Amino acid sequence: MSAAGPGGREGPITRVIRTDYLARVEGEGAMYVRLEGRSVAEVKLRIYEPPRFFEALLRGRAFTEAPDITARICGICPIAYQMSSVRAMEDACEVAIDHGPLRDLRRLIYCGEWIESHSLHVYMLHAPDFLGYAGAIEMARDHREIVEQGLQMKKAGNSVMALVGGREVHPINIRVGGFYRTPTRAELQTLSEPLQGALQTALATVRWAAALPFPDVQREHELLALSEPGSYAVDLGEIRSAGGLEFGPGAFDEHVVEEHVERSNALHARLSDGGTYLVGPLARYALSSQLLRPLAAEAAREAGLGPSCANPFRSIVVRAVELVHACEEALAIIERYEEPDAPAVEVTPRASVGHGATEAPRGLLYHRYEIDEQGTILDAKIVPPTSQNQLAIEEDLRAVVEDSLDLPDERLALRCEQAIRNHDPCISCATHFLKLTVERG
Amino acid sequence: MAHTPRPTLAVWKFASCDGCQLSLLDCEDELLALADRVEIAYFLEASSAAVEGTYDISIVEGSITTAHDAERIQEVRRRSRVLIAIGACATAGGIQALRNFADVREFTSVVYASPDYITTLSTSTPIAAHVAVDFELNGCPIEKRQLLEVIGAHLAGRRPRVRAHSVCVECKRRGTVCVMVAHGTPCLGPVTHAGCGALCPAYDRGCFGCYGPMETPNTAALSARLQELGSDEVDLVRVYRTFNAGADAFRAAGDAAADRDAAR
């Protein structure tokens, strides 16, 4: 972290707040804020993570390879990529896995990823900001039990991923049409005990997080999330916005446009009317909080959350509530699970375009593929949550700076970094969607 | 413990998905104990506190895809007593090394709004193509227990116990029935480096080569067998060109299949 410029209110007019290497985010990014007197002249979230060109390298691959290849976009949320890709391929091939044990297992492993990813963010990436530590390992010197309980909850999420998916990072058991092997009922039962423990930890996490000191910030963003009747949407549904938009994944391209700006190796997404929007826990909570499972709903009430939460700093509480929900949901699935007749349904390729949208831990993740009659991928488009959130994060940064002008540079920089971490940006994800151009060949 | 200087550990990221460094945070039962034994002096994903200077052990994730990173890895090497490359990106160039096989014109014809904003190299290369590497740990992703073994071995001053035999050996040890012999399922196990514990066959799936080539891979024999099982040349190109496409043996096997396909 560095704070260039004179810093004090009486000094020359230009003041620059910058962090060249953002810590405790997934991937490589930087932040730059320039003040002219007391007005914010420029705010930039810069993403310099090198592009990996997934959309280009998917061309010519088999449609069945998409879940294994796109998982490699992100080691923190591989299930999200696998789920959006299999949904899109099934959509192209006119197959629907929308109920029964195969659907349940997909939702179960997705709950595992939410638990793993949210535990990581709440305890290891976000909490140190509130308690004044550089990271969780430093925090553990004074709060070892708290960090250990966060790690144990994370482990429970990972154990769901490992049992259903084969391993925690880049699971191997997800395929277009279902799974390679489905677990037995007895195998799934072994997850009950760790998940019961995680549920208790998650409830304690809500109470603990609710008592953290939050700056009084209210941000009015348009919010976009998946929505499914009767359930807090995770792996299937229509897309809805707080402002009243409602469309299926197939219409995503009509409602969201991407643009390329110089400061970022990730495309920026906007609504087609030009407006910015936010995806992630705050959006999901605002659109579906009435559909939380009972303990999660009660924990949210006790934590003082209303039907929506407009303070991005309190997203840590919303993530904790989603942790409770994900544990309850996973336990309910395990309880009712009956082994399916076959681990997958047959999927025959046809020349078509398919769309898939699911809720990654950090927000809506959209995939679109065009395939030919042999199932070869002709075109791919992937819009990850952090690409969608970049402009909203910059708006938050601007607002936070305007509210905190009197903080000394170092504390202002920290407040700004925190405003970015509020949205759990995954820069590794966001960067991988540029089409390839080469500097030298 | 705090009074005796502990060995310092740094974790570096290049082009990657973050999954291999996450494996360190996934050591939920061991992480805090490890932090007692070593000083985690640079690990940006986990902490904003960075210790300047040199490090006893550097863990490097990711491949080299930009001119800036090609310089940065030199700096990392200078500041590291021991440098360990982890994961398929760092040991073979990763999935992003598929660009190495692409016709540049074909890739540039994929129209992009403002290509001038992007700077990248035309290749993705492993760490060892740029600097001396003390140990390479294979895998996409790596196996976290192997990572602990490698760190522990370097702390103890011994060679890590990481076996370079094939996945087949792991299937035998695990008691998994061979999916290729019993079910005719195409499987890269015979030519793939052990380490995952033969995960895929245990899930009724053929190995797809996440851990790269084993020590003495006979890819020609495997390719012939896969063709008997119904794979065509295009399928063979695909199976060898995934996360370890840039590893020598897989690159050669994929290129051979591509050449046969072109000659048809």
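Residues numbered from 1 in each chain as written. Chains lettered and ligands numbered in written order. Predicted model: local features only at pLDDT ≥ 70, side-chain atom pairs only at ≥ 80, totals over all residues.

Undergrad: Whenever I open this one, the overall build of chain A confuses me. Can you help?
TA: Of regular secondary structure, chain A possesses 15 helices and 15 strands. By the compact-globule yardstick of 22 Å for 441 residues, chain A fits well, its C-alpha radius of gyration being 21 Å. Seen along its three principal axes, the alpha-carbon backbone of chain A occupies a region of about 75 × 50 × 40 Å. Put simply, chain A has 441 residues, and 58% of those count as buried. Partitioning the contacts of chain A with sequence separation of at least 6, the portion at a separation of at least 24 is 72%. (Helix = DSSP H or I, 4+ residues; strand = E, 2+ residues; numbered from the N terminus. Rg over C-alpha atoms; globule rule 2.2 N^0.38 Å. Buried ≥ 20, exposed ≤ 12 C-beta atoms within 10 Å, placed from the backbone. Contact = placed C-beta atoms within 7 Å.)

Undergrad: Hey, could you run me through the overall build of chain B in this one?
TA: Helix and strand content of chain B: 12 helices and five strands. For 264 residues, the compact-globule estimate of 2.2 N^0.38 gives 18 Å, and the C-alpha radius of gyration of chain B, at 20 Å, lies within 12% of that figure. Judged by the C-alpha coordinates and their principal axes, chain B covers about 65 × 55 × 30 Å. Expressed as a percentage of the 264 residues in chain B, the buried residues total 52%. Contacts in chain B between residues at least 24 apart in sequence constitute 73% of all its contacts with a sequence separation of at least 6.

Undergrad: Looking at this model, I keep getting lost on the sheet that holds strand β2 (residues 39-43) of chain B. Mind explaining?
TA: Pairing between the strands of a sheet is mediated by backbone hydrogen bonds and can be parallel or antiparallel. Residue and element names in this part refer to chain B. Taken together, the five strands give an open sheet; going across it, the order is β2-β1-β3-β4-β5, and neighbouring strands pair in parallel fashion. The sheet terminates laterally at β2 and β5 (135-137), the two strands that pair on one side only. For this sheet the average axis-to-axis angle between neighbouring strands, irrespective of direction, equals 25°. Relative to β2, strand β1 (residues 8-13) runs parallel, the two sharing four bridges. Bridging from a neighbouring strand, Ala10 pairs with Tyr42 of β2. Of the strands in this sheet, β1, β3 (55-61) and β4 (80-86) are in contact with helix α3 (residues 67-78), which crosses β4 at around 130°. (Pairing = 2+ DSSP bridges. Axes fitted to C-alpha atoms, helices over the stretch in contact; angles between N-to-C directions.)

Undergrad: Just checking my understanding: could you explain helix α14 (residues 409-421) of chain A for this structure?
TA: Residue pairs three or four apart in sequence face the same way in an α-helix, which turns once every 3.6 residues. When the terminal C-alpha atoms of α14 of chain A are compared, their 18 Å separation across 13 residues agrees well with the 18 Å that a helix rising 1.5 Å per residue should span. Taken together, the buried positions of α14 of chain A are Leu412, Ala413, Arg415, Cys416, Glu417, Ala419, Ile420 and Arg421 of chain A. (Expected span 1.5 Å × (residues − 1).)

Undergrad: Help me understand the environment of Gly29 of chain A, please; the structure alone is not making it clear to me.
TA: Relative to the assigned elements, Gly29 of chain A resides in strand β3 (residues 29-36). A sequence separation of 269 residues divides Gly29 of chain A from Glu298 of chain A, and the C-alpha atoms of the two residues are 37 Å apart.

Undergrad: I tried to follow the packing of helix α11 (residues 294-302) of chain A against helix α12 (residues 315-336) of chain A on my own but got confused; where do I start?
TA: Relative placement of two packed helices is described by the angle separating their axes and the distance separating the axes. Residues and elements named next belong to chain A. Interaxial distance between α11 and α12 falls to 8 Å at its minimum, and their mutual angle equals 165°. Overall, the two elements α11 and α12 adopt an arrangement that is roughly antiparallel. Between α11 and α12 the crossing geometry is right-handed. Facing α11, whose interface residues are Leu295, Ala296, Ala299 and Ala300, α12 presents Val321, Val324, His325 and Glu328. Looking at the contact of α11 with α12, its residues break down into six nonpolar, one polar and one charged. (Parallel < 35°, antiparallel > 145°, perpendicular 65-115°, else oblique. Left-handed = near helix turned anticlockwise from the far one by under 90°. Nonpolar A, V, L, I, M, F, W, Y, C, P; charged D, E, K, R; others polar.)

Undergrad: In this structure, what is going on with the sheet that holds strand β15 (residues 377-383) of chain A? I would like to understand it.
TA: All names here are of chain A. Here three strands make up an open sheet; going across it, the order is β13-β14-β15 and the pairing antiparallel. The open sheet has two free edges, formed respectively by β13 (352-360) and β15, since each of these has just one partner strand. On average, each strand axis in the sheet is tilted by 15° relative to the strand beside it, whichever way the strands run. Pairing analysis gives nine bridges linking β13 to strand β14 (residues 363-371), with the strands arranged antiparallel. Among the inter-strand pairings, Ser352 is bridged to a residue of β14, identified as Ile371.

Undergrad: I'm lost on the environment of Val353 of chain A in this one. Help?
TA: All names here are of chain A. Among the structural elements, Val353 can be located in strand β13. When the 15 C-beta atoms within 10 Å are taken as the criterion, Val353 is described as partly exposed. Discounting chain neighbours no more than four positions away, the residues touching Val353 are Ala92, Arg368 and Glu370.

Undergrad: Can you help me understand the nonpolar core in this one?
TA: Nonpolar side chains tend to gather and get buried jointly when the protein is soluble and globular. Core analysis: the largest hydrophobic core is formed by 211 residues, its most contacted members being Val321 and Cys416 of chain A together with Val60 of chain B. In terms of residue count, the dominant contributor to this core is helix α4 (residues 100-131) of chain A (13 residues). Shared between two domains, this core holds at least three residues of each, these being domain 1 (8-156) and domain 2 (167-263) of chain B. Dropping the residues within four chain positions of it, Val60 of chain B is found in contact with Trp12, Phe14, Val76, Leu83, Ile84, Ala85, Ile86, Ala90 and Ile127 of chain B. (Core = buried A, V, L, I, M, F, W, Y, C linked by C-beta atoms within 7 Å. Domains from an automatic or database assignment.)

Undergrad: Could you clarify how one ought to interpret the environment of Leu120 of chain A in this entry?
TA: By secondary structure assignment, the location of Leu120 of chain A is in helix α4. Taking the C-alpha atoms as reference points, Leu120 of chain A and Leu151 of chain A, 31 residues apart in sequence, are found 7.7 Å from one another.

Undergrad: How do you make sense of the domain arrangement of chain B when you look at a structure like this?
TA: When the parts of a complex come together, some accessible area is lost, and that lost area is often taken as the interface size. Residue and element names in this part refer to chain B. Each assigned domain of chain B is listed here: domain 1 (8-156) and domain 2 (167-263). At the interface, 16 residues of domain 1 touch 13 residues of domain 2. It is helix α4 (residues 87-92) that provides the largest number of residues to the side of domain 1 that touches domain 2, a total of three residues. Grouping the amino acids of the side of domain 1 that touches domain 2 by side-chain chemistry returns eight nonpolar, seven polar and one charged.

Undergrad: Looking at this model, I keep getting lost on unusual backbone geometry. Mind explaining?
TA: Glycine aside, residues mostly have negative phi angles, and peptide bonds mostly take the trans form. Looking along the chain, the bond that leaves Cys140 of chain B and enters Pro141 of chain B is cis, with omega of 5°. Position of Pro141 of chain B among the secondary structure elements: in the loop between β5 and α6 (144-156). Even without a glycine there, the phi angle at Phe53 of chain A is positive, about 65°. Of note, Phe53 of chain A is situated in the loop between β4 (39-47) and α1 (54-57). Exposure remark for Phe53 of chain A: the 26 C-beta atoms within 10 Å place this residue in the buried category. For His170 of chain A, which is not a glycine, the phi torsion comes out positive at approximately 50°. Within the secondary structure, His170 of chain A sits in the loop between α6 (144-165) and β5 (174-175).

Undergrad: Looking at this structure, I do not really get helix α7 (residues 167-174) of chain B. What am I missing?
TA: All names here are of chain B. For α7, the set of buried residues is Val167, Cys168, Glu170 and Cys171. Seen from one end, α7 has its buried residues packed into an arc of 160°, which puts them on one side. Away from its buried face, by an angle of more than 90 degrees, α7 presents the exposed residues Lys172 and Arg173. Next to the buried residues of α7 lie α9 (199-202). Gly175 sits one or two positions beyond α7 and adopts a positive phi of about 80°. (Arc of directions from axis to C-beta.)

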